Amino acid sequence: MDTELRSLLQDIEALKGSLPDVSYRDSMAKIEERVVKITSITKAATSRRSKVKEMSAEVVDSNPYSRLMALQRMGIVENYERIRDFSVAIVGIGGVGSVSAEMLTRCGIGRLLLYDYDTVELANMNRLFFRPEQVGMTKTDAAVQTLSEINPDVVLESYSLNITTVKGFEVFMESLRRQNPKNSVRDDARSAGVDLVLSCVDNYEARMVVNQACNELNQTWIESGVSEDAVSGHIQLLIPGETACFACAPPLVVASGVDERTLKREGVCAASLPTTMGVVAGLLVQNALKFLLKFGEVSPYLGYNSLKDYFPTMEMRPNPQCSNSACLERQKEYLLEKPVRDALAKAKNEAEASLENESPLHMENEWNISVVDDSEMETLNAPKASDELPEGLTRELPTADKHQEAAALEGTSISSNDVDLEELQRQLDALNAS
Amino acid sequence: MEEWDPNTKSALTKIPLLATRAGPRDGAAWTQRLKEEYRALIAYTSMNKSNDNDWFRISADNPEGTRWTGSCWYVHNLRRYEFRLQFDIPVTYPTTAPEIELPELDGKTHKMYRGGKICLTVHFKPLWAKNCPRFGIAHALCLGLAPWLAAEVPILVDSGMVKHKDDEVSSVES
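Residues numbered from 1 in each chain as written. Chains lettered and ligands numbered in written order. Predicted model: local features only at pLDDT ≥ 70, side-chain atom pairs only at ≥ 80, totals over all residues. Heavy atoms only, no water.

Participant: Sorry if this is basic, but what is going on with the overall build of chain B here?
Facilitator: Each helix and strand counted, chain B has five helices and five strands in total. Ordering the α and β elements of chain B from the N terminus gives α-α-β-β-β-β-β-α-α-α. In terms of C-alpha radius of gyration, chain B reaches 17 Å, essentially the compact-globule figure of 16 Å for 174 residues. Seen through its principal axes, chain B has C-alpha atoms that stretch 55 × 35 × 30 Å. In chain B, which comprises 174 residues, the proportion classed as buried is 55%. The contacts in chain B between residues at least 6 apart in sequence include a share of 52% that link residues at least 24 apart. For chain B, the exposed surface amounts to about 7400 Å²; the carbon and sulfur share of it is 51%. Each charge sign in chain B was given a centre, from 22 positive and 22 negative side chains, and these centres are 5 Å apart. (Helix = DSSP H or I, 4+ residues; strand = E, 2+ residues; numbered from the N terminus. Rg over C-alpha atoms; globule rule 2.2 N^0.38 Å. Buried < 20%, exposed > 50% of the residue type's maximum accessible area, 1.4 Å probe, protein only. Contact = heavy atoms within 4.5 Å. Areas by Shrake-Rupley, 256 points an atom, 1.4 Å probe, with all protein chains shown as cover. Lys, Arg positive; Asp, Glu negative; His and termini not counted. Charge placed at Lys NZ, Arg CZ, Asp CG, Glu CD.)

Participant: Can you walk me through the pairing of strand S3 (residues 79–88) of chain B in this structure?
Facilitator: Looking down a regular strand, the side chains alternate between one sheet face and the other. Of the strand pairs in this sheet, strand S2 (residues 67–76) of chain B and S3(B) are connected by 10 bridges, and their pairing is antiparallel. Each residue of the ladder has a partner; that of Trp68(B), found in S3(B), is Phe87(B). (Pairing = 2+ DSSP bridges.)

Participant: What's the story with the sheet that holds strand S1 (residues 56–60) of chain B in this structure? I'm lost.
Facilitator: Neighbouring strands of a sheet are bound in pairs by backbone hydrogen bonds; such pairs are parallel or else antiparallel. One open sheet accounts for three strands, arranged S1-S2-S3 (chain B); its pairing is antiparallel. Because the sheet does not close on itself, it has two edges, and the strands there are S1 and S3 of chain B. With strand direction ignored, the average angle separating the axes of adjacent strands in the sheet is 10 degrees. Packing of helix H14 (residues 421–433) of chain A onto the sheet brings it into contact with S1 and S2 of chain B, and relative to S1(B) it is tilted by some 150 degrees. Together, S1, S2 and S3 of chain B form the strand contacts of helix H4 (residues 137–158) of chain B, whose direction differs from that of S2(B) by roughly 45 degrees. (Axes fitted to C-alpha atoms, helices over the stretch in contact; angles between N-to-C directions.)

Participant: Explain the environment of Lys108(B) here, please?
Facilitator: Residue and element names in this part refer to chain B. With respect to the secondary-structure elements, Lys-108 resides in the loop between S3 and strand S4 (112–113). For Lys-108, a relative accessible area of 34% puts it in the partly exposed group. Expressed as a C-alpha distance, the spacing of Lys-108 and Met-161, which sit 53 residues apart in the sequence, is 6.4 Å. Each residue touching Lys-108, except ones within four places of it in the same chain, is listed here: Leu-156, Met-161 and Val-162.

Participant: Please clarify how the packing of H14(A) against helix H2 (residues 28–50) of chain B should be interpreted in this entry.
Facilitator: The axes of two packed helices give the description: the angle between them and the distance between them. Put simply, H14(A) and H2(B) touch, their axes get as near as 9 Å, and they point 25 degrees apart. With respect to H2(B), the axis of H14(A) lies roughly parallel. Judged by the twist between their axes, the crossing of H14(A) over H2(B) is left-handed. For the pair formed by H14(A) and H2(B), the contact residues are Leu421(A), Leu424(A), Gln425(A), Gln427(A), Leu428(A) and Leu431(A) on the first element and Thr31(B), Leu34(B), Lys35(B), Tyr38(B), Arg39(B), Leu41(B), Ile42(B), Thr45(B), Ser46(B) and Lys49(B) on the second. Class assignment of the residues belonging to the contact of H14(A) with H2(B) gives a composition of eight nonpolar, five polar and three charged. (Parallel < 35°, antiparallel > 145°, perpendicular 65-115°, else oblique. Left-handed = near helix turned anticlockwise from the far one by under 90°. Nonpolar A, V, L, I, M, F, W, Y, C, P; charged D, E, K, R; others polar.)

Participant: Honestly, the nonpolar core in this entry has me stumped. Any pointers?
Facilitator: Note that soluble globular proteins tend to have their nonpolar side chains buried in a common cluster. Core analysis: the biggest nonpolar cluster contains 54 residues, and Trp68(B), Leu102(B), Leu141(B) and Leu145(B) have the highest contact counts within it. Those elements that provide at least two residues to this core are H14 of chain A together with helix H1 (6–14), H2, S1, S2, S3, helix H3 (125–130) and H4 of chain B. When residues of this core are assigned to their parent elements, the largest contribution, 12 residues, is made by H4(B). Excluding residues that lie within four positions of it along the chain, Leu141(B) makes contacts with Leu41(B), Trp55(B), Phe56(B), Ile58(B), Leu85(B), Ile100(B) and Ala146(B). Ranked by size, the runner-up nonpolar core spans 45 residues in total, among them Ile93(A), Leu112(A), Ile239(A) and Val280(A). (Core = buried A, V, L, I, M, F, W, Y, C linked by side-chain atoms within 4.5 Å.)

Participant: Looking at this structure, how should I read unusual backbone geometry?
Facilitator: Note: most peptide bonds trans; most residues except glycine with negative phi. Residues and elements named next belong to chain B. Cis geometry is adopted by the peptide bond preceding Pro-94, which originates at Tyr-93 and carries an omega value of 0 degrees. Inspection of the secondary structure puts Pro-94 in the loop between S3 and S4. For the bond from Cys-132 to Pro-133, the omega torsion is 5 degrees, close enough to zero to count as cis. Of note, Pro-133 is situated in the loop between H3 and H4.

Participant: Teacher, can you tell me more about the packing of helix H4 (residues 97–106) of chain A against helix H9 (residues 274–293) of chain A here?
Facilitator: Residues and elements named next belong to chain A. The geometry of H4 relative to H9 is characterised by a closest axis approach of 9 Å and an angle of 45 degrees between their N-to-C directions. What the angle tells us is that H4 and H9 run oblique. Pair H4 / H9 crosses with right-handed handedness. Across from Val-99, Ser-100, Met-103 and Leu-104 in H4, the residues of H9 making contact are Gly-278, Ala-281, Gly-282, Leu-284, Val-285 and Leu-289. Residue composition of the contact of H4 with H9, grouped by class: seven nonpolar, three polar and no charged.

Participant: Is there a simple way to explain the sheet that holds strand S3 (residues 155–159) of chain A in this structure?
Facilitator: Residues and elements named next belong to chain A. Read across the open sheet, the seven strands follow the order S3-S2-S1-S4-S5-S6-S7; overall the sheet is mixed. In the strand order of this sheet, the two ends are held by S3 and strand S7 (301–305), each with one partner. With strand direction ignored, the average angle separating the axes of adjacent strands in the sheet is 15 degrees. When strand S6 (residues 232–238) meets S7, the two strands line up antiparallel, connected through five bridges. Looking at S7, one finds that Ile-235 is bridged to Leu-302. Across the sheet, H4 is in contact with strand S1 (87–91), strand S2 (111–115) and strand S4 (196–199); its angle to S1 comes to roughly 165 degrees.

Participant: What should I look at first to understand the UniProt feature "active site" (unreviewed entry) in chain B in this one?
Facilitator: All names here are of chain B. As recorded in UniProt, the feature "active site" (unreviewed entry) lies at Cys-119. Structurally, Cys-119 can be placed in the loop between strand S5 (117–118) and H3. Given a relative accessible area of 10%, Cys-119 falls into the buried group. (UniProt positions renumbered as here; feature names shortened; annotations may be inferred.)

Participant: Would you take a moment to explain the packing of aromatic side chains for this structure?
Facilitator: Two numbers describe a pair of aromatic rings. These are the distance of the centres and the angle of the planes. The tally for this structure, following the rule as stated, stands at 13 aromatic pairs over all chains. Clustering of aromatic rings is evident, with ring pairs tying together Tyr115(A), Tyr159(A), Phe169(A) and Phe172(A). Lying across the ring of Trp73(B), Arg80(B) places its NZ or CZ 4.1 Å from the centre. (Phe/Tyr/Trp six-rings, centres within 6.5 Å; stacked < 30°, edge-to-face > 60°. Lys NZ or Arg CZ within 6 Å of the ring centre and 35° of its normal.)

Participant: Please clarify how helix H1 (residues 2–18) of chain A should be interpreted in this entry.
Facilitator: Residues spaced three or four apart along an α-helix face the same direction, because each turn holds 3.6 residues. Residues and elements named next belong to chain A. Under the 1.5 Å per step criterion, the end-to-end length of H1 is 25 Å for 17 residues, consistent within 8% with the ideal 24 Å. Three or more residues of H1 are buried, namely Leu-5, Ile-12 and Lys-16. Projection of H1 onto a plane perpendicular to its axis shows the buried side chains occupying an angular sector of 35 degrees, all on one side. Turned more than 90 degrees away from the buried face of H1 sit Thr-3, Glu-4, Gln-10, Asp-11, Ala-14, Gly-17 and Ser-18, all of them exposed. (Expected span 1.5 Å × (residues − 1). Arc of directions from axis to C-beta.)

Here's what the structure looks like:
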């Protein structure tokens, strides 16, 4: 393109010199001017900005980070530049995941790991991020293409694979463990090489796989979801051992035993809106930024009901009977660390208290009013036995889960210790052949 | 379970239940689970044969028993329609059920996810979750795939989306 335009200019120049008639000169000059303009436009379109070595707070039009660094000046974030040390894995590059990736890229995140096994389709165009000319590309490659243009400073890793298969899961785990090559020394001895995992998948199976991986790696993650009817969504923070894992609370249809037909409508094609997906991606990345850069309060759960503009929040404790063994291990570790945690909290409280004015706030206290800590109130109101529930509440799930399984064992179930696997394979093959 | 037809129900009660809660990453426990899977599949296949209701072939594609392939068929208007059948055992098995695939029907029905994974969300997955770890591959075929074929194949054939293989050959020749 560039060379073509240059030779076109030379041709015009040669033509101008050889033209006998002066009256054409003006129009020739105009053509020349247009070609010069086109040349500069194409140059601007193809030029990428070079990588930035250090984030600058300088307020100039050419600084991509000036508005982000202003967060420090405004007193919101203490050290914004730390964002370049963080690695975030995004599982599922669909309506929520792709937008989240773009947001983090524009924020100047250090490294992004992208996972998806799908390709871009025209049916995805009602959502944000992907462009029609990317149809047919894998979602991860298309995302890397766009994201690297937006911000070349971000290290992007693309994994086009299905994490629910045994092989895909191995690669998934391996990639999460690998340390960021940019920061070789880490301040903590964690087994994972990423700082946060964002789950943006659209099905239960994949969520359970992310849950499994993060429980095993002791990796904090945030789950996100948009309902099938496209009008509500949620984000949920999962800290292994500390908050409920994704297997701790079974889905409603399983727990309550209600007829699933009343909850799900026929057909597979789910509805989606760019608005709801954009809102959920925004909530997800906002929570991720608060978690990483340590500002504000990180929400343990935040719902979004768009029909009523209702945003419920809640907290979920881990289930001591969780079916996921890695979750139970993390719960045990969390309990063991309780004395250390309490001591730290106490030291922090004391430090804060000593900073405060030591003279009493009110000289007189006629009614003996005193301030009681929230946690003290909780222990006062807590039932004596941990299994006891307040009046009016019942447990939906039977507690004797183990007992039932044992009963089933004695019934029609299988005791096949005596036969070896090859023999069983032969038997099935024989049946298949006949 | 009251919505299931009596044939499916009686077949289901005769498939042996499994006992080991183990997935493909659990080493020796997985081998034990695999044995139970084979037992249940053998019992189900021979029961189908003796009831003249043989409708699938399935066998492990790798020694670890994490990928399974075979075929299944459905008789509609006295003609047999046969499809390739495949699925992977997910890493979170048996907490999550296998996602059964009929790759030849990919894109032909909307009751399917990408890659030809049949939709099991409504009629099967809640049942699977409630009965974990007692249900196995045989139960997934009996309660997941069989009802799907019974519901979808007649519609696919009547709408012309699926042609009988004899018709396809004659239409190519003519």
